[in-house]
Amino acid sequence: MREEIEDYVRSLGLDAYLVGGAVRDELLGLDSKDADFLVPGLDTDGLRAALARHGRVEDLVVADRLVGLRLHPSDRRIRELTPAGIEFAPPRKEVSTGPGRHDFEIVADPSLSVEDDMRRRDFTVNAIARRLDTGELVDPLRGRADLEARRLRTVSPQSFREDPLRLVRALRFVSQLGFEPDAELLAQMREEAPAVRLVSGERIGGGLAADGMGELSKLLLGAEPARALRLARDTGVLVELLPEFGAAIGFDQESRYHDLTVDEHTFAVVRAAADLGYSLPVRLAALFHDLGKPLAAWRGKDGRLHYYAKPGFAEHGHDQVGAELAAGALLRLRYPNKLRQRVVRIVRRHMFQPGRGDALRARRFLRRNGDELAFDLLDHKHADLLGKRGSDGEPPPLDEIDALLRFREVVEEERSSPHRLGDLAIGGNDLIAAGFKPGPQLGRILHELLDAVVEEPGVNTRKQLLARAKERL
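Here's what I pulled together on the structure shown here. (Residues numbered from 1 in each chain as written. Predicted model: local features only at pLDDT ≥ 70, side-chain atom pairs only at ≥ 80, totals over all residues. Heavy atoms only, no water.)

**Observations concerning the packing of helix 19 (residues 359–386) against helix 22 (residues 440–455)**
Selection criterion: Note on method: axes are straight lines fitted to C-alpha atoms, helices fitted across the in-contact stretch only, with angles between N-to-C directions ranging 0 to 180 degrees. Numbering of helices and strands runs from the N terminus, with a helix taken as a DSSP run of H or I at least four residues long and a strand as a DSSP run of E at least two residues long. Here the word oblique covers every angle except those under 35 degrees (roughly parallel), over 145 (roughly antiparallel) and from 65 to 115 (roughly perpendicular). Any two residues whose heavy atoms approach within 4.5 Å at even a single point are treated as in contact.
At a minimum axis separation of 9 Å, helix 19 and helix 22 run at an interaxial angle of 150 degrees. Relative to helix 22, helix 19 is oriented roughly antiparallel. Contact residues: helix 19 offers L360, R363, R364 and R367, while helix 22 offers H447, L450, D451, V454 and E455.

**Remarks on empty space enclosed by the protein**
Which entries qualify depends on this criterion: Only protein atoms enter the 1 Å grid used here. Points where a 1.4 Å probe fits but cannot escape make up a cavity, open sets with protein on both sides within 12 Å along at least five of seven lines make up a pocket, and a residue lines them when an atom lies within 4 Å of a point. Grid points are joined across faces, edges and corners, and a volume is the space filled by probe spheres set on the points. Only Asp, Glu, Lys and Arg are considered charged, only Ala, Val, Leu, Ile, Met, Phe, Trp, Tyr, Cys and Pro nonpolar, and every remaining residue, Gly among them, polar.
Scanning all chains against the criterion turns up one cavity of 30 Å³ or more. Volume-wise, the largest cavity comes out at about 40 Å³. Taken together, V168, L171, L216, L219, L229, A232, L238 and L241 form the lining of the largest cavity. Every element with two or more residues in the lining of the largest cavity is listed here: helix 8 (165–177), helix 11 (215–220), helix 12 (225–235) and helix 13 (237–241). When grouped by side-chain class, the residues that make up the lining of the largest cavity number eight nonpolar, no polar and no charged.

**Description of the packing of aromatic side chains**
Two aromatic rings are characterised by how far apart their centres lie and by the angle between their planes. Which entries qualify depends on this criterion: Each Phe, Tyr or Trp ring, with Trp reduced to its six-membered ring, pairs with another whose centre is within 6.5 Å; inter-plane angles below 30 degrees give stacked pairs, above 60 give edge-to-face pairs, and intermediate values give tilted ones. Exposed residues in this analysis have more than 50% of their type's maximum accessible area, buried residues have under 20%, and partly exposed residues fall in between, with area computed by a 1.4 Å probe over protein chains only. Criterion for a charge above a ring: Lys NZ or Arg CZ within 6 Å of the ring centre, and within 35 degrees of the ring normal.
Scanning all chains against the criterion turns up eight aromatic pairs. Seen in terms of ring centroids, F123 and F173 are 5.7 Å apart; in terms of plane orientation they differ by 75 degrees. Their pairing is edge-to-face. Taken together, the residues F123 in the loop between helix 5 (114–118) and strand 8 (129–131) and F173 in helix 8 connect sequence positions 50 residues apart. The same class applies to F123 and to F173, which are both buried. With a centroid separation of 5.2 Å and 90 degrees between ring planes, the pair formed by W298 and Y308 is classed as edge-to-face. In this pair, W298 sits in strand 12 (residues 298–299) while Y308 sits in the loop between strand 13 (305–306) and helix 17 (318–332), placing the two residues 10 residues apart along the sequence. On the accessibility criterion, Y308 (47% relative accessible area) is partly exposed. Here a set of aromatic residues connected by ring pairs shows up, and it is made of F123, F160, F173 and F179. Directly above the ring of Y307 sits K293, whose terminal nitrogen or CZ lies 5.0 Å from the centroid. The residue whose ring lies beneath K381 is F352, and the NZ or CZ to ring-centre distance is 5.0 Å.

**Considering the layout of surface pockets**
Rolled over the atoms, a probe with the dimensions of a water molecule shows which regions are left empty. In this structure, the second largest pocket encloses a volume near 620 Å³. Taken together, 30 residues line the second largest pocket, and the ones lying closest to its centre are S255, Y257, K293, M351 and K388. Elements represented by at least two residues in the lining of the second largest pocket include exactly strand 13, helix 17, helix 19 and helix 20 (398–414). For the lining of the second largest pocket, the per-class residue count stands at nine nonpolar, 11 polar and 10 charged.

Right, dumping it as structure tokens:
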């Protein structure tokens, strides 16, 4: 697909260079969705005029800055290949606007060379350009060598100041691409960590990303999220990004089930969810599921800390407190409503126990949670149990894991059993025909019938359900 887009860009008559993540991924042998182009010799107005002949052009604004232009081609074939459009930018430079360290803006300068433009990017591995006409690589900061060494370096001490989102992006590259930050980058992260609070939630949570995912989501979906999160904690970025983590760092659970601190257990659960390939909602829930423990903790007569609700000690258990923390954080980071609600439900209900794992329990589990949330909860519980490894290398609770996996098998088997309103042999119209009036009572009766069917699937016949319903007339 990108080859077709490059051929199209060549046809525009511009001296264009492929830049950024597309070149990086190409050199790493990875597929890339990115296709961003630098066009030297033109300012923004000149570039807009050159592109306007080929389709609709719109400004590309990030953090209230005009960073380039997006072309939506008139060519239908290319438009289908890249529905979000093709991004172009003129060379840019940093211009001081005052005495402060953050007093500057980025402006287009057509006189700048491609090398100069590369020197104001974020990381050396992203500061590589490929000229479309010749295939020539422009690599003024030895980014290719850093790629080969899997080394992550900033292009300058100002990289994080220019855009604090890069603090999270650096961590994402650790998780996603296995890069190792050099000592200078880590020092810069520690110094600039508070600046991450200046980044809009949309840029972190995915509200502005073309694929609907921000840097935090991409970090969690990488192969090594736990390593990235530990770096975030150790550099101070984590508590600036998620203040909800503050009390959890180093918190001793004093539990017979854990000898890991809350933060280390959290990282272990996130890692297990990643290793098992679980979904983004499950990984986000893993990040938040136990953050309520320091706030809900109370000490019992046995001398141990406990985390469930108990009158006179804790108004809410750690599951409810954690759900409230997750809801606030995900709202602040502007995650989509549906995803936020799904994550909050996982956190709120993550303390379920599979028990004997019989068919009735499985149907009740599906009835209460619905199919999607039920399997999210099973996935999360699996990762949570795997994250209970001891700090001295003890195995996780294998008996509990075996019981959970057996329960999962039963839940899978019972998915075909009636456990949703739509599975009932009758519906609201049948009840109205039988003499019931439309209204809230109708809904209550249907739910009561479903409860009966979950307990005994054999009663899910039109005759039996109507008979039960008529007892309420």
